[in-house]
Amino acid sequence: MEYRHLGKAGIRVSALSLGSWVTFHHQVDIDKAVKMMSAAFDAGVNFFDNAEAYAKGKSEEVMGAALKKLGWRRASYLVSTKFFWGLNEGINEKDTLNRKYLMEAIDGSLKRLNLDHVDLVFCHRPDPHTPIEETVWAFHNMIESGKATYWGTSEWSAMEIVAAIEIAERHHLHKPVMEQPEYNLLHRERFEVDYARMFKDYGYGSTTWSPLASGLLTGKYNNGIPKDSRASLDRYDWLVEKMTNKESLAKVKKLGKIAGDLGATLAQMSIAWILKNYNVSTVITGASKVEQVKENMKAMDVVEKLTPDVMEAINSAVS
Ligand SMILES: NC(=O)c1ccc[n+]([C@@H]2O[C@H](COP(=O)([O-])OP(=O)(O)OC[C@H]3O[C@@H](n4cnc5c(N)ncnc54)[C@H](OP(=O)(O)O)[C@@H]3O)[C@@H](O)[C@H]2O)c1
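Residues numbered from 1 in each chain as written. Predicted model: local features only at pLDDT ≥ 70, side-chain atom pairs only at ≥ 80, totals over all residues. Heavy atoms only, no water.

Draft legend 1. Main features of the site of the ligand. Around the ligand there are 32 residues in total, and Asp49, Ser210, Ser214, Lys220 and Ser288 lie nearest to it. One of the backbone N or O atoms of Ser214 is found 2.7 Å from an oxygen atom in the ligand. Contact distances for the ligand include 2.7 Å between an oxygen atom and a side-chain N or O atom of Lys220. Within the complex, the protein chains bury 96% of what would otherwise be the 910 Å² of accessible surface of the ligand. Residue assignment for the shell around the ligand shows that the elements contributing at least two residues are β10 (282-285) and α11 (290-297). It is α11 that provides the largest number of residues to the shell around the ligand, a total of three residues. Residue composition of the shell around the ligand, by class: nine nonpolar, 17 polar and six charged. (Near = heavy atom within 4 Å. Polar contact = N/O pair within 3.5 Å; in protein donor to acceptor, adjacent residues only side chain to side chain. Areas by Shrake-Rupley, 256 points an atom, 1.4 Å probe, with all protein chains shown as cover. Helix = DSSP H or I, 4+ residues; strand = E, 2+ residues; numbered from the N terminus. Nonpolar A, V, L, I, M, F, W, Y, C, P; charged D, E, K, R; others polar.)

Draft legend 2. Examining the sheet that holds β10 more closely. Reading around the barrel, the eight strands line up as β3-β4-β5-β6-β7-β8-β9-β10 and close back on themselves, with parallel pairing between neighbours. Where strand β8 (residues 178-179) and strand β9 (residues 205-208) come together, two bridges link them in parallel fashion. Bridge assignment links Glu179 to a residue of β9, and that residue is Ser206. Docked against the sheet, helix α4 (residues 132-144) engages β5 (78-83), β6 (118-123) and β7 (148-153), running at close to 155° with respect to β7. (Pairing = 2+ DSSP bridges. Contact = heavy atoms within 4.5 Å. Axes fitted to C-alpha atoms, helices over the stretch in contact; angles between N-to-C directions.)

Draft legend 3. Seen up close, unusual backbone geometry. Phi at Val22 is positive, roughly 70°, even though this residue is not glycine. Within the secondary structure, Val22 is located in the loop between β3 (16-19) and α1 (30-42). A positive phi angle is found at Ala55, which is not glycine, with a value near 50°. Along the chain, Ala55 turns up in the loop between β4 (47-49) and α2 (58-70).

Put into structure tokens, the structure is as follows:
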């Protein structure tokens, strides 16, 4: 495993990490989570990603119970959560980054995770209705209280991120240090273009999500929607359109050929391609089965096979 600084922060994250969206609770119970987290940890993963909204809090409960069973030293791993959508319908409890919600939400997450602090905490989305200054102060206070160690953003615009950094600098508060954006071979623009100056000028870190575009970049959707796949799950039928998009599937087929020539699976090559970008601090992988975790962790070995010629072939396959 390779470890990368989270932007300019002192903390280092494993270049590959494991997240629990869709999977924990719906597809993965506590025993399965123990096996998957173990396989990742054995491969060198030190960061496990979660969010309040995942399975409406149940994903945090599964991860908390799995961590208890695993009994790892607390200092040996990092756990995250994220806030925005909320768990309740109250006017101040959903789709918000207001101070009251955030201060109560962290207590709920820590209880479900069975931890006394999380290492990374994210604003899961920007909130256009709360002043950024109020949110910056709330996260500063959360860190000062010892309930979280580093904070960051997810799917914020570069302008919103810079505004948060500058407010924090002006008041000598804890600054946000990392963004959690979608980044994969089929979704590149925001990461590569919009964020370019932010990475360069502010040394912002990144924990990128959906490296396989929810599984599309494994080739498993090349002949339709397989049973037992994410797009076949009841609540995720909105993915069907994306997984059957002819243009995307044509790109996936070309990429599959390049991966085959390298002696790698398409999943491994797609993850390795993300690792070639040094603005990425960690690629958060997702998996519904322990075998997928093991396959995806081997992406580390594929990075060195991505020579300039191969990178060019990949680029032309997706452009
Ligand atoms: N901040 C945000 O807004 C945000 C949003 C989304 C995700 N995230 C984070 O990023 C993490 C990763 O995102 P993601 O789960 O969408 O990642 P992904 O890698 O794009 O998709 C993961 C899914 O693809 C399938 N898969 C993975 N490896 C495979 C393999 N080797 N062979 C065949 N199928 C494979 C599995 O689904 P099936 O087996 O069910 O088909 C798996 O659950 C999440 O867990 C979460 O922590 C954050």
